[in-house]
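Chain residues, written in single-letter form:
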Amino acid sequence: MLSVRLICVGRLGEKFWVDAVKEYEKRLAAYCKLETVELAEQRLPPSPSAGEIAGALEREAARIEERLPAGAAVVALCVEGKAMGSEQLADYLSGLAVSGTSRLCFVIGGSYGLAERIKQRAMLRLSMSAMTFPHHLARVMALEQLYRALGIAAGSKYHK
């Protein structure tokens, strides 16, 4: 069974985000072994300088790298990544499985995104949209799309 680790910078606070994540975690259990790792977002002043942001991203990157599973295909969610439809994502994941990849790791940054070195480590830079979303919503969207893609690959009727 596919092993998926979701590394997220930032913790879910509001109950509605937690409930949505739990729902997709429950649904995904039929398709993969899912583990979610939450990392605290670096604290920054109200109007941080570019240098302060870069430093925070580098500190977050060091903690992300500690949690990347050995041998996993890393997918970095970032706005400048490749846009894919659900079917394309399903094909991509199926291709990984055919090539023998059994570990997958999605990485979602915090409010200021991901350090460049994390994006460079990724096999795929994936964009969910050219629009900007809160990282809490991005987590729910990533789980839903993972569920949809794995469902498409398995021939389920969820995808319409």
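Located above this text is the structure these notes cover.
Residues numbered from 1 in each chain as written. Predicted model: local features only at pLDDT ≥ 70, side-chain atom pairs only at ≥ 80, totals over all residues. Heavy atoms only, no water.

Where helix H3 (residues 86-98) meets helix H5 (residues 135-154), the closest approach of the two axes is 8 Å, and the angle between their N-to-C directions is 70°. Looking at the two axes, H3 sits roughly perpendicular to H5. In this structure, H3 crosses over H5, and the sense of that crossing is right-handed. Along its contact with H3, which presents Ser86, Glu87, Leu89, Ala90, Leu93 and Ser94, the element H5 presents Gln145, Leu146, Arg148, Ala149, Leu150, Ile152 and Ala153. Tallied by class, residues from the contact of H3 with H5 come to 8 nonpolar, 3 polar and 2 charged. (Axes fitted to C-alpha atoms, helices over the stretch in contact; angles between N-to-C directions. Helix = DSSP H or I, 4+ residues; strand = E, 2+ residues; numbered from the N terminus. Parallel < 35°, antiparallel > 145°, perpendicular 65-115°, else oblique. Left-handed = near helix turned anticlockwise from the far one by under 90°. Contact = heavy atoms within 4.5 Å. Nonpolar A, V, L, I, M, F, W, Y, C, P; charged D, E, K, R; others polar.)

Where charged atoms from two side chains of opposite charge come close, those side chains can pair. In total, this model carries 12 salt bridges according to the counting rule given. Note that Arg139 is salt-bridged to Glu38, the shortest N-O span being 2.9 Å. Within this pair, whereas Arg139 is found in helix H5, its partner Glu38 is found in strand S2 (residues 32-39), the two being separated by 101 residues in sequence. It is possible to trace a salt-bridge network through shared partners that takes in Glu58, Glu65, Arg117 and Arg121. (Salt bridge = Lys/Arg side-chain N within 4 Å of Asp/Glu carboxyl O.)

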